[in-house]
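Descriptive analysis of the structure
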Amino acid sequence: MAGVRALGALSRITSRRYTLTTGSPFRTFSVAPAMLAGTHVNYEVKGDVAVVRINDPNSKVNTLSIQMQKELTDVMNEVWSNNAVQSAVLISTKPGCFIAGADINMIEGCKTAEEVTQLSQEGQNIFEKIEKSPKPIVAAINGSCLGAGLEFVIACQYRIATKSKKTVLGTPEVMLGLLPGAGGTQRLPKMVGLPSAFDMMLTGRNIRADKAKKMGLVHQLVDTLGPGLKSPEERTIEYLEEIAIECARGIVNKKIPLSKEKGMMQKLQDYIMSFEMVRNQIYKTVHGKVMKQSKGLYPAPLKIIECVKAGIEQGPIPGYLAESQNFGQLAKTTESHALIGLYHGQVTCKKNRFGAPQKEVKTLAILGAGLMGAGIAQVTVDKGVHTILKDTTVSGLARGEQQVFKGFNDKTKKRNITSFERDSILSNLTGQLDYSGFEKADMVIEAVFEDINIKHKVLKEIEAVIPPHCIFASNTSALPIKEIAAASKRPDKVIGMHYFSPVDKMQLLEIITTEQTSKDTTASAVAVGLKQGKVIIVVGDGPGFYTTRCLAPMLAEAVRVLQEGVDPKKLDALTTGFGFPVGAATLADEVGLDVAAHVAEDLGKAFGSRFGGGNVEVLKTMVDMGFKGRKSGKGCYVYQPGLKVRDVNPDIEEILEKYKMTPNPAVSSDSDVQYRLVSRFVNEAVLCLQEGILSSPVEGDIGAVFGLGFPPCLGGPFRFVDAFGADKLVEKMRRYEEVYGNQFTPCQLLLDHANDSSKKFHK
Amino acid sequence: MVMPWALEMTLARPNVKNIVLVEGVRTPFLLSGTTYSDLMPHDLARAALQGLLHRTAIPKDVVDYIIYGTVIQEVKTSNVAREAALGAGFSDKIPSHTVTMACISSNQAMTSAVGLIAAGQCDAVVAGGVEFMSDVPIRHSRKMRKTMLSLNKAKTLGQRLSLLGSIRLAHLSPELPAVAEFSTSETMGHSADRLAAAFGVSRVEQDEFALRSHSLAKKAQDAGLLQDVISFKVPGRDIVSQDNGIRPSSMEQMAKLKPAFIKPHGTVTAANSSFLTDGASAVLIMSEEKALAMGYKPKAYLRDFVYVSQDPKDQLLLGPTYGTPKVLERAGLTMSDIDVFEFHEAFAGQIMANLKAMDSDWFAQTYMGRKSKVGTPPMDKFNLWGGSLSLGHPFGATGCRLVTTVAHRLQKEGGQYGLVAACAAGGQVSDTHPGGVFWLIVLLKNK
């Protein structure tokens, strides 16, 4: 499962709820002191403290947009010139959000790298002014403080944060292929030390307030308040402001020291870090790690290391220069465009374009407590939905319930939730062997064995007990929903919900609608998926839907590559070298070779020779010998519990020898093997769009990246075609077509794009 | 003009016996770690019971049942009611049990007694409460306990040695009683500080209220109004006859203290919170019929009570706001009918927050589904003889003190109706400060 987990982790790089990113606040320095009560920023003097309040009236989150920057600059200039003011407090009055980052459109709007560099430099300048402010500025943080928002607050003299779960600090720029471009790479290492700074900037992860305090990122924490004489949220912000004002006065009166006495460990760490040799070792280690994980396909992490190094080893002037220049360069890379595209796509796929369903799902029943069923229960039960988990055997049910328990217990161990919260969440879960309570279910998701006869049997049994409004969703990865719905008395209530394993880690949910599925049924399924925290694509019905259908030809090609004598390890290296988080051979083991064989055969029947390539018998023979992949301990590799290193299964050599094919040297270079694999994937994706299975390229990209691990740096198959060039891809495919036949015949839509270079999937 | 007897008619409920408070006593409440420090909880409870026997001169076999409330249980005397009753010389034929409900444990003991009498099971019940914070059970770590229990089962020397050999340093770290709410891991003091902040209660307001409590307690003590306190000859020590936590200070002195829970900007300090206290209390509750037959003059009629509970995180200590209007409605009274208010003072901030909540239309409309605010009790009727902040707060024993105080104040001040409100934490083992998920309100009618 580690492989799939890795896939989940990597896809998360692009997928976390990073909000908009870095950039440069303060574009202009024009002084317009009259604008004290702007639309975004206003300020009030309380005694000798200026309280600067920000709130973007046009958006759910505050971003450092051009307007915001301008007003902030004006207000700060006024604060500095007002003699009655001794100190300032910076606070957001928007619930749940301090500053979520710079305005991403501002960066996208720049035509050249130089323009972006210019933005960065302006940001650096104003934050330098903040840092050198003669009047101490206290940042009072409630809600997300990310990207440029974080760079802003670390330039302030003092930081106070609320303990709200919504209060997170972080530098998510790397997930958009960028770097913290307004002084972040220079200030963070000084503030939290080299290792923590690298961790923050290279992973982009969110840091909660309590952790931020421990790291030295914030000075003081403030509790959130419950009901009082105002709404909790409003009063919490007010309370934070009161404390920040007191604190600002304390700093002016020298009652609160700005420099903290360093602890023994801190002194020791500083001492160790004072050796150039140690620092070089850190750069080397971090660089090595990044190269290993990113295969050098992502330029941003390397540039971040470069900027930090320049700042520390050569001083601030080269450091800031490196930061702004690299920021400009990164903003114009295809990788950054791809990642930003995924960000926008993800936002799109987190909305319900089918509107609100008539009836909210309050009770969800899940059939089958296997890995998938229990996984679905796990992501549902903590959303206030009463969840019924039904299995046919006591042992199966016990295993499933234990899986759900473990999921939440692990969160307890990590202190994300308390044991009490765990227990109260689990009180919403009912495990059972019969259909009692199904008469109250609003939706049933079946996750039973992938066999049309079993699905039909289950569907009939359920329709006998559920109420008329209840929706029947099938979690199948390949069986057409039409065929399942054929046994239904009310096909308008039947829909496909294809989850990916492990359900709690994988973000994608593929929803499959038939021609008979009603719009309200779809709306309800999407609403449930969104509640479960999923990124959702809604696709048309057909064998393999979208995701499985794209994966199948690629796996068929992978089997052929193996038959041509490429060793599984080499195959993995080639695929991961292209940017896939999990190699093709490992992926087959994770999915299960039996499943793969099953799907290959089914889809082979449905689509004919186009889905050929490797011999299905290879997979079948392996399955017959008990090599079903990781779950059986042996597949392409041998899996031993507790061992991370794994060896190629020696027994498969014999099988591969038996089905050996002679490679054609004209199409068997490393690069050709990679493109053979990828082009079949991409061609099938484009065909899905052509056939109307997909409703948009955006959903195609999101589905491929979040569900199948298509390289995030390429942004998905459609963005890949745009960037790589459809003509070039077609040219390659034609070469392979000559050798292998119709499996590489480009589809019409791809040809259209090849013939007209102005045609792009993404504008 | 409604005549008093008409009111009384509305309070007495048809087919329910009148239930009366005959007498209430308590040991002096002492700061934990002082004169009581070498005792055990049942010693204190025994003293209170003996005091009650002495005051009422009730024959020991007339009592039908004994119920005690306690929070932190001494494991050797888990049914502390029984141990104390036997030690105090009550007949060994009297059944007794112990209840726990955080800081309203003895309220629970009293309402259980009311229930037994109302149901016709008993005619005379002794209820009480005890808390002993000078010594609390500190356990071995779970790991160590597991090893020790396995040791019992080990058969061979080899097994025993290997078990002993498995003991690591981590096994030796002790487990202290939880100082936090089990469900939220938040200490009471922390919760009170957040509550005070939510209602915008300032440090000065809290200090003023605490000072008021201490000053009033001192006055009451000096005037000899605290008649419920009995003298207690502590074995091996002196005779103790008054509370030792009453310390009127000055606002300046109190302002010097640092926040105790939320640092550095919190407002709850040691001076405006109740302190850890040792003490026990006991009351005699009877059916009116039986009391009169035995020639007792009831001190008060126990008319009605209600328990309420709220979200343990953000509304832990807001019980009085929720409970007060409920019990008044049940009894058909309004705030202005009440002559004597006794509210349990867990923290000055908590009391002030409740007073602000009761005074807020917004709060009543948003959280209580009421049309308008509950209204605040007038301060000239409120905790006039001090409260838990100054007298002390032995968790399990406070409830009886409140009820007895109301009865005595009604007599002294010539009032007719009294109202008690006490809050408790949501967790069973909340051994810290009283918080409040459950609120008990007893309405007393002076006769």
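Chain B appears in an unreviewed UniProt entry as Trifunctional enzyme subunit beta, mitochondrial from Myripristis murdjan. Under the Subunit (unreviewed entry) heading, UniProt states for chain B: "Heterotetramer of 2 alpha/HADHA and 2 beta/HADHB subunits; forms the mitochondrial trifunctional enzyme. Also purified as higher order heterooligomers including a 4 alpha/HADHA and 4 beta/HADHB heterooligomer which physiological significance remains unclear. The mitochondrial trifunctional enzyme interacts with MTLN. Interacts with RSAD2/viperin." The UniProt entry for chain B carries this comment under Pathway (unreviewed entry): "Lipid metabolism; fatty acid beta-oxidation."

By the naming in an unreviewed UniProt entry, chain A is Trifunctional enzyme subunit alpha, mitochondrial, taken from Myripristis murdjan. The UniProt entry for chain A carries the following text under Subcellular location (unreviewed entry): "Mitochondrion inner membrane".

Further remarks concern the sheet that holds strand β18 (residues 535-540) of chain A. All names here are of chain A. The strand order across the open sheet formed by eight strands is β13-β12-β11-β14-β15-β16-β17-β18, and the pairing between neighbours is mixed. Looking along the sheet, the strands with just one partner apiece sit at the ends: β13 (429-432) and β18. With strand direction ignored, the average angle separating the axes of adjacent strands in the sheet is 25 degrees. As defined by bridge partners, strand β14 (residues 443-446) adjoins strand β15 (residues 471-474) across four bridges and the pair is classed as parallel. By the bridge assignment, E446 is partnered in β15 with S474. Along the sheet, helix α15 (residues 371-381) contacts β11 (363-367), β12 (386-390), β13, β14 and β16 (494-499); its crossing angle with β12, the most-contacted strand, is approximately 170 degrees. Helix α28 (residues 697-708) contacts β17 (508-513) and β18 of the sheet and is inclined by roughly 120 degrees relative to β18.

Now for the pairing of strand β4 (residues 96-99) of chain B. All names here are of chain B. Where strand β3 (residues 65-69) meets β4, four bridges bridge the pair, whose relative direction is parallel. Residue I66 lies in a different strand from β4, and its bridge partner there is S96. In this region the chain leaves β3, passes through helix α3 (residues 80-87) and returns to the parallel neighbour β4; the handedness of that crossover is right-handed.

Residues and elements named next belong to chain A. Where helix α16 (residues 394-413) contacts helix α17 (residues 419-426), the two axes come as close as 9 Å, and the packing angle between them is 160 degrees. In terms of axis orientation, α16 runs roughly antiparallel to α17. Relative to α17, α16 is oriented so that their crossing is right-handed. Taking contact as the criterion, the partners of V404, F405, F408, N409 and T412 in α16 are, on α17, S419, R422, I425 and L426.

This paragraph deals with the interface of chain B and chain A. Between chain B and chain A, the residue contacts involve 19 residues of the former and 19 residues of the latter. Between chain B and chain A, the buried area comes to about 1,600 Å², and carbon and sulfur atoms account for 61% of it. Connecting chain B to chain A are zero salt bridges. Inspection of the region where chain B meets chain A yields four residue pairs in polar contact (both at pLDDT 80 or more).

Okay, the pattern of salt bridges next. All names here are of chain A. Under the defined criterion, the tally for this structure stands at 60 salt bridges over all chains. Between K359 and D442 there is a salt bridge, with the nearest N and O atoms lying 3.3 Å from each other. On the criterion of sequence distance, the pair formed by K359 in the loop between α14 (334-348) and β11 and D442 in the loop between β13 and β14 is long-range, its members being 83 residues apart. Linked by salt bridges that have partners in common, E557, R560, E564, R676 and R680 make up one network.

Okay, the UniProt feature "active site" (unreviewed entry) in chain B next. Residue and element names in this part refer to chain B. The UniProt feature table records "active site" (unreviewed entry) at C103, H393 and C423. Spatial clustering of the annotated residues is evident: they stretch over 321 residues in sequence, but the largest pairwise C-alpha distance comes to 12.0 Å. One can find C103 in the loop between β4 and α4 (105-118). Of the residues examined, C103 reaches a relative accessible area of 1% and is grouped as buried.

So, about the sheet that holds strand β7 (residues 158-162) of chain A. All names here are of chain A. The mixed open sheet is built from six strands, whose spatial order is β1-β2-β3-β5-β7-β10. Strand pairing shows two members of the sheet lacking a second neighbour, β1 (41-46) and β10 (220-222), which therefore form its edges. Looking at each pair of strands side by side, their axes are set apart by 20 degrees on average, direction ignored. Strand direction decides the pairing type here: strand β3 (residues 87-92) and strand β5 (residues 137-141), joined by four bridges, are parallel. Bridge pairing links I91 to A140 in β5. Sheet contacts for helix α9 (residues 232-252): β1, β2 (49-54), β3, β5, β7 and β10; angle to β3, the most-contacted strand, approximately 160 degrees.

Moving on to helix α7 (residues 188-198) of chain B. In terms of residue burial, α7(B) counts as a mostly covered element, since eleven of its eleven residues are buried. Listed as buried for α7(B) are M188(B), G189(B), H190(B), S191(B), A192(B), D193(B), R194(B), L195(B), A196(B), A197(B) and A198(B). On its buried side, α7(B) packs onto α9 of chain A together with α8 (203-222) and α12 (348-358) of chain B. Taken from the residues just after α7(B), G200(B) is the one with a positive phi, measuring 65 degrees.

With that settled, consider the nonpolar core. Residue and element names in this part refer to chain A. Formed by 104 residues in total, the largest nonpolar core has its most connected members in V444, Y546, L571, F710, F720 and L750. When residues in this core are grouped by element, the largest group, eleven residues, is from helix α27 (residues 670-690). Counting the residues that make up this core, at least three belong to each of domain 2 (363-542) and domain 3 (547-755). Residue contacts for F710: discarding those within four places in its chain leaves F580, V678, F681, V682, A704, V705, G716, P717 and F720. Counting 78 residues, the second largest nonpolar core, distinct from the first, contains V85, V116, C156 and L194.

The residue after S501(A), namely P502(A), is reached through a cis peptide bond having omega -10 degrees. Looking at where P502(A) falls in the secondary structure, it is placed in the loop between β16 and β17. The phi dihedral of A102(B) is positive, around 50 degrees, even though this residue is not glycine. In this structure, A102(B) sits in the loop between β4 and α4.

Rules of the game
Residues numbered from 1 in each chain as written. Chains lettered and ligands numbered in written order. Predicted model: local features only at pLDDT ≥ 70, side-chain atom pairs only at ≥ 80, totals over all residues. Heavy atoms only, no water. UniProt positions renumbered as here; feature names shortened; annotations may be inferred. Pairing = 2+ DSSP bridges. Helix = DSSP H or I, 4+ residues; strand = E, 2+ residues; numbered from the N terminus. Axes fitted to C-alpha atoms, helices over the stretch in contact; angles between N-to-C directions. Contact = heavy atoms within 4.5 Å. Right-handed = clockwise from strand over helix to strand, strands pointing away. Parallel < 35°, antiparallel > 145°, perpendicular 65-115°, else oblique. Left-handed = near helix turned anticlockwise from the far one by under 90°. Buried area = accessible area lost by both parts, 1.4 Å probe. Salt bridge = Lys/Arg side-chain N within 4 Å of Asp/Glu carboxyl O. Polar contact = N/O pair within 3.5 Å; in protein donor to acceptor, adjacent residues only side chain to side chain. Buried < 20%, exposed > 50% of the residue type's maximum accessible area, 1.4 Å probe, protein only. Core = buried A, V, L, I, M, F, W, Y, C linked by side-chain atoms within 4.5 Å. Domains from an automatic or database assignment.

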